[in-house]
Amino acid sequence: TKLLRRSPTTRTGQASMISSILVPTLICVLSASPELHVQSLEVRDDIWDITVADLNSDGHQDLLLLTCDPDAKPMRKTLHVFLGAATGQFPDKPDISLHLPPEISVLFVSESHGDALPAVLAGDSQGFQVYHYDEGALEAGEHLSIPSILPDNAREPLFLNGIVRDWTGDGSKEWLLPQSDGYSLHWGEEQVAFIDCDVVTQVRQSGSMSISYHHPEYILFDIDATPNPAIAFMYPEEIEFAYGPDWSQRHRISIPGLNREQYRSHTALRDLNGNGLPDLIVTEMEGTVSMDSTTRVYLAESPFVYPTTPSTTIENRGSVAAPFFYDLDASGTLDALVVSVPFGPRNLMNYFFRKRVSVNIEAYRLLDGRFEDRPSSDSSLSMDAPEGRGRPAYTMGDFSGNGSMDVAYAESADSLAIHFGRDGELIGSRPDATATLPTTMGEVRLHDITGNGGEDILLFHPDSAYSKQVQVITFRTNGK
């Protein structure tokens, strides 16, 4: 789960708004002092994406690494599988290394058509090759002809996330695939539905030619009228709701806000008060050297209906700020956690001369249909500011599985500081544990590897000196 999501096409998302200033890594987590274990794995080529799945159906999560050497002729692409154990640990070397055709650009794990066992589907623009686990190997099965706009020969292949689920409510899991004018929904080669949306396409030619498609971010939520979920497509100025048995019923609303020419903004939908309806959160930022941030919250009155006046407005002056939401006290409603980086003289001096930066976190409780006017608690962290082109890793989750929110961040270039939240409170300023890593820069994925209901960290480092490594950080409480 990422702290911030990518924004629509014409907006600067919250991640891009603060990631260049939240220079040290923010990896958020919450728990009750679990045992920490770090395992480092290395393969031959650069790792571009990772995921977990129980491929051999033994009840333990297996680690899947997707690698590519883009300079090899032809490109060398491999899927490495490390079979998991009850301890949450993996062997030092992969149990399976499946060499993929260079045309393959995306993979995902799902039930294959007519088979309840998990399978790996490797795809390009023409369809998907299905691979089944069989006695310690992945064996090629049927090829599914499903044309789409997915590319061929991608230099940085990836796993498709969030496309596999019971979209229609019939008990089977379909696959959502991108097309030039929306999404097609498939069960095997059969197309069971088509969901159109506004897709921004571009063709540019200046010596070379560039062709791109930009699909909008979408949010799913349930409504009583149909077994399938409703979809909210997030456009730069509007939100379009698609619902009904075939998603043909539509409703659009304009996103409230200020001057779009002067503000950078991000829009999100989250069910804040636990009534099953997605509430609207609009964050806008103004300024360059001196920045002000304003977040307005509109609680849904009914499906697709929002008030004209926000129930809450949260302002941060002289800082770059972004909210995320978490149920700190297990009350069934989400609390607003506002992460900000002040632009005061002291913070700027620390950044330039000490290579450190301060990050503030404020918690606002949702009470009686609105967030508090003042934060109920706050905390401040001092972190190293990374140099060079490295990408700070950040995420949030519940590591111990106890419902608390824990936080981990890059205390230095090779030290990950971990704070465990307790009893619904924000973290303190001092870490509860630290983990020494080759680097704290990179991409983070959260998965329950140990099976204790909490989230463990997978950290990998595309396009860096550590691009062939992945660190597996697991958390165990009371031996579980």
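Check the entry above for the structure.
Parameters and conventions
Residues numbered from 1 in each chain as written. Predicted model: local features only at pLDDT ≥ 70, side-chain atom pairs only at ≥ 80, totals over all residues. Heavy atoms only, no water. Helix = DSSP H or I, 4+ residues; strand = E, 2+ residues; numbered from the N terminus. Buried < 20%, exposed > 50% of the residue type's maximum accessible area, 1.4 Å probe, protein only. Core = buried A, V, L, I, M, F, W, Y, C linked by side-chain atoms within 4.5 Å. Contact = heavy atoms within 4.5 Å. Polar contact = N/O pair within 3.5 Å; in protein donor to acceptor, adjacent residues only side chain to side chain. 1 Å grid on protein atoms, 1.4 Å probe; cavity = no way out; pocket = protein on both sides within 12 Å on 5 of 7 lines; lining within 4 Å. Points joined across faces, edges and corners; volume = space filled by probe spheres on them. Nonpolar A, V, L, I, M, F, W, Y, C, P; charged D, E, K, R; others polar. Pairing = 2+ DSSP bridges.

*Asks:* Explain the environment of Phe159 to me, please; I cannot follow it from the model alone.
*Replies:* Mapped onto the elements of the fold, Phe159 is located in strand E11 (residues 158-159). Among the residues examined, Phe159 registers a relative accessible area of 4% and is labelled buried.

*Asks:* Just to check I follow, could you spell out the nonpolar core for this structure?
*Replies:* The nonpolar side chains of a soluble globular protein tend to be buried with one another. Ranked by internal contacts, the top residues of the largest apolar core, which has 26 residues, are Phe108, Leu121, Phe128, Leu176, Phe233 and Trp247. Counting residues per element, the ones that place at least two in this core are strand E7 (106-111), strand E8 (118-124), strand E9 (127-134), strand E13 (174-179), strand E14 (182-187), strand E15 (190-196) and strand E19 (230-234). Tallying contributions element by element places E13 first for this core, with three residues. Each residue touching Trp247, except ones within four places of it in the same chain, is listed here: Trp167, Thr168, Leu185, Ala193, Ile195, Asn228, Pro229, Ile231 and Ala242.

*Asks:* For this particular structure, what's the right way to read the side chain of Asn228?
*Replies:* Within the fold, Asn228 resides in the loop between strand E18 (217-221) and E19. For Asn228, a relative accessible area of 2% gives the class buried. In terms of polar contacts, Asn228 uses its side chain to reach the backbone carbonyl oxygen of Gly244, at 2.8 Å. Asn228 has contacts with Trp167, Thr168, Gly244, Pro245 and Trp247, leaving out every residue within four places of it along the chain.

*Asks:* Hey, could you run me through empty space enclosed by the protein in this one?
*Replies:* Empty pockets left among the atoms are what a rolling probe the size of a water molecule brings to light. In total, this model carries two cavities of 30 Å³ or more according to the counting rule given. As a volume, the second largest cavity reaches approximately 30 Å³. Every residue along the wall of the second largest cavity is listed here: Thr283, Ser293, Thr294, Thr295, Ile314, Asn316, Ala321, Ala322, Pro323 and Val338. Elements supplying a minimum of two residues to the lining of the second largest cavity: strand E24 (292-298), strand E25 (312-317) and strand E26 (319-326). Split into classes, the residues belonging to the lining of the second largest cavity amount to five nonpolar, five polar and no charged.

*Asks:* Quick question: what am I supposed to make of the sheet that holds E14 here?
*Replies:* Pairing between the strands of a sheet is mediated by backbone hydrogen bonds and can be parallel or antiparallel. Spatial strand order, E12-E13-E14-E15: four strands in an open sheet with antiparallel pairing. Unpaired on one side and paired on the other, strand E12 (164-165) and E15 mark the two borders of the sheet. Pairing of E13 with E14, which is carried by five bridges, proceeds in the antiparallel orientation. Each residue of the ladder has a partner; that of Leu177, found in E14, is Ser184.

*Asks:* What is the right way to read the pairing of E13 from this model?
*Replies:* The side chains of a regular strand alternate between both faces of the sheet. Judged by how many residues are buried, E13 sits mostly within the fold: six of six residues are covered. Where burial is concerned, the two faces of E13 agree: the one with Glu174, Leu176 and Pro178 and the one with Trp175, Leu177 and Gln179 are both buried. Pairing of E12 with E13 involves two bridges; the strand directions are antiparallel. Residue Val164 lies in a different strand from E13, and its bridge partner there is Trp175. Where E13 folds back onto E14 in an antiparallel hairpin, the turn is made up of two residues.

Spatial relationships are all this shows, so hold off on functional conclusions.
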